[in-house]
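In case you want the letters, here they are:
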Amino acid sequence: MEKIRALLREYREIISYVFWGVMTTAVNYASYTLLTELLHVHYLTSTIIAWTISVLFAYFVNKLFVFQSRGWGWNALRELWQMVASRLFSLGLEMAIMWFFVDTLHCNHLIIKLMANVVVVIVNYVLSKWIIFKPKKNE
């Protein structure tokens, strides 16, 4: 049992990121599905709206639970700015994936949305870990 606790402590950040990444993906996918299927909003517009909602959700859970960044004030604004900028990159990636597979190859948009989110979660972890929530020397 102690071995399991030690492993959980050692990999806490990755386990937490995967959990909150799944929750963020659920927020993104639920928002997207609601917009496209119930409100009949175009899939690319829905992608942008769902992205906005999920980025705000992801910022707070990553800050508080994953990377445990405790700085507020200017530090929080810097983190939020960097997160939005990096997520704009991953939004572009997701939009390109969606456009290519849905418009060009005529794949099901709901399936492609899930596949695109897997790619985005991996890219976002790397950007969050090494740029946005990287511990500062004075923390």
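Higher on the page you've got the structure.
None of these values were measured; they are calculated from a predicted model.

Caption draft 1: Quick look at a nonpolar patch on the surface. A cluster of nonpolar residues, Met1, Ile4, Leu7, Leu8, Tyr11, Ile14, Ile15, Val18, Phe19, Val22 and Met23, forms a patch on the protein surface that exposes about 1,000 Å² of accessible area. Of all the elements in the fold, those that place two or more residues in the nonpolar patch are helix H1 (2–10) and helix H2 (12–38). Looking at the nonpolar patch element by element, the count peaks at 6 residues for H2. Inspection of the secondary structure assignment puts Leu7 in helix H1.

Caption draft 2: Spatial organisation of the pattern of salt bridges. The final tally for this structure, using the stated rule, is 3 salt bridges. The partner of Arg5 in a salt bridge is Glu2, and the shortest N-O contact between them spans 3.7 Å. Within this pair, Arg5 and its partner Glu2 are both found in helix H1, separated by 3 residues, close to a single helical turn. On the basis of relative accessible area, Arg5 is assigned to the partly exposed category, the value being 44%.

Caption draft 3: Just empty space enclosed by the protein, in detail. Applying the stated rule across the entire model yields 1 cavity of 30 Å³ or more. Here the largest cavity defines a volume of roughly 180 Å³. Along the walls of the largest cavity sit 18 residues, with Thr24, Arg87, Val120, Val121 and Asn124 positioned nearest its centre. Those elements that provide at least two residues to the lining of the largest cavity are H2, helix H3 (43–66), helix H4 (74–104) and helix H5 (109–132). Classifying every residue of the lining of the largest cavity by side-chain character gives 7 nonpolar, 9 polar and 2 charged.

About the cut-offs
- Residues numbered from 1 in each chain as written.
- Predicted model: local features only at pLDDT ≥ 70, side-chain atom pairs only at ≥ 80, totals over all residues.
- Heavy atoms only, no water.
- Patch = residues over 30% accessible without salt bridge, like charges linked within 9 Å, V, L, I, M, F, W, Y side chains within 5 Å.
- Areas by Shrake-Rupley, 256 points an atom, 1.4 Å probe, with all protein chains shown as cover.
- Salt bridge = Lys/Arg side-chain N within 4 Å of Asp/Glu carboxyl O.
- Helix = DSSP H or I, 4+ residues; strand = E, 2+ residues; numbered from the N terminus.
- Buried < 20%, exposed > 50% of the residue type's maximum accessible area, 1.4 Å probe, protein only.
- 1 Å grid on protein atoms, 1.4 Å probe; cavity = no way out; pocket = protein on both sides within 12 Å on 5 of 7 lines; lining within 4 Å.
- Points joined across faces, edges and corners; volume = space filled by probe spheres on them.
- Nonpolar A, V, L, I, M, F, W, Y, C, P; charged D, E, K, R; others polar.

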